[in-house]
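Given next are the chains, with one letter for each unit.
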Amino acid sequence: GLDFVGKVGEPVLALADDGTLGVKTVDDRDHVVFRAVDIARADQGSVWLTGLPKEVRLITVGQGFVSDGIKVRPVPVDESDDAAGEGPVISEAVR
């Protein structure tokens, strides 16, 4: 379900054209998906979000350069140091 609360850094937050707060994720076909979220709590540089599934591929770097629906070549976080500039960096799961 979507009742999971996950902690992320504030820079992953994005605004849709209509002002909806959300994050950009990558689906199983490597397309960008904007997901609306709510902030449950905020602390120093991090926010606790609701509205995401427990497992999600969250774009953590480069989200400002991709749009909803486009196909991307995601780079998992543990490989991002070796693949700088090759695509948005993703996190396999929100923790």
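Below: a short report on this structure. The structure displayed is predicted, hence computed values, not measured ones.

Regarding the overall build of the protein chain
Next, step 1: Of the regular secondary structure elements, the protein chain holds zero helices and nine strands.
Next, step 2: Walking the protein chain from its N terminus toward its C terminus, one meets helices and strands in the order β-β-β-β-β-β-β-β-β.
Next, step 3: Burial status across the protein chain gives 36% buried among its 95 residues.
Next, step 4: Partitioning the contacts of the protein chain with sequence separation of at least 6, the portion at a separation of at least 24 is 59%.
Next, step 5: Here the protein chain displays about 5,800 Å² of accessible surface, and carbon together with sulfur accounts for 50% of that area.

Brief notes about the nonpolar core
Next, step 1: One finds Val-8, Val-12, Val-23, Val-37, Val-47, Leu-49, Leu-52 and Leu-58 forming the largest nonpolar core, which totals eight residues.
Next, step 2: Core analysis: the second largest hydrophobic core is formed by five residues, Val-26, Val-32, Ile-59 and Val-72 among them.

Examining the pairing of strand S3 (residues 21-26)
Along any regular strand, the residues point their side chains to alternate faces of the sheet.
Next, step 1: Across the six residues of S3, five count as buried, placing the element largely inside the fold.
Next, step 2: Relative to S3, strand S2 (residues 13-15) runs antiparallel, the two sharing three bridges. Opposite Leu-13, over in S3, you have Val-23 as the bridge partner.
Next, step 3: The turn linking S2 back onto S3 is made up of five residues, and Gly-19 within it adopts a positive phi angle of 90°.
Next, step 4: As defined by bridge partners, S3 adjoins strand S4 (residues 32-36) across five bridges and the pair is classed as antiparallel. Bridged to Gly-22 within S4 is Ala-36.

Cut-offs and rules
Counting of residues starts from 1 at the beginning of each chain's written sequence and follows it residue by residue. Local features are withheld for residues below a pLDDT of 70 in this predicted model, meaning they are given only at 70 or higher, and side-chain atom pairs are given and counted only at 80 or more; totals for whole chains, interfaces and linings count all residues. To obtain the side-chain values, all non-hydrogen atoms of the structure were included, while hydrogens and water were left out. Numbering of helices and strands runs from the N terminus; a helix is a DSSP stretch of H or I covering at least four residues, while a strand is a stretch of E covering at least two. Buried residues are those whose accessible area, probed at 1.4 Å on protein chains only, stays under 20% of the maximum for their type, while exposed residues exceed 50% and partly exposed ones sit between those limits. Note on contacts: a residue pair is in contact if any heavy atoms of the two residues lie within 4.5 Å. Residue-level accessible areas treat just the shown protein chains as cover; the underlying method is Shrake-Rupley with a 1.4 Å probe. Side-chain atoms within 4.5 Å are what join buried Ala, Val, Leu, Ile, Met, Phe, Trp, Tyr and Cys residues into a set we call a nonpolar core. Paired strands are those between which DSSP finds at least two bridges.

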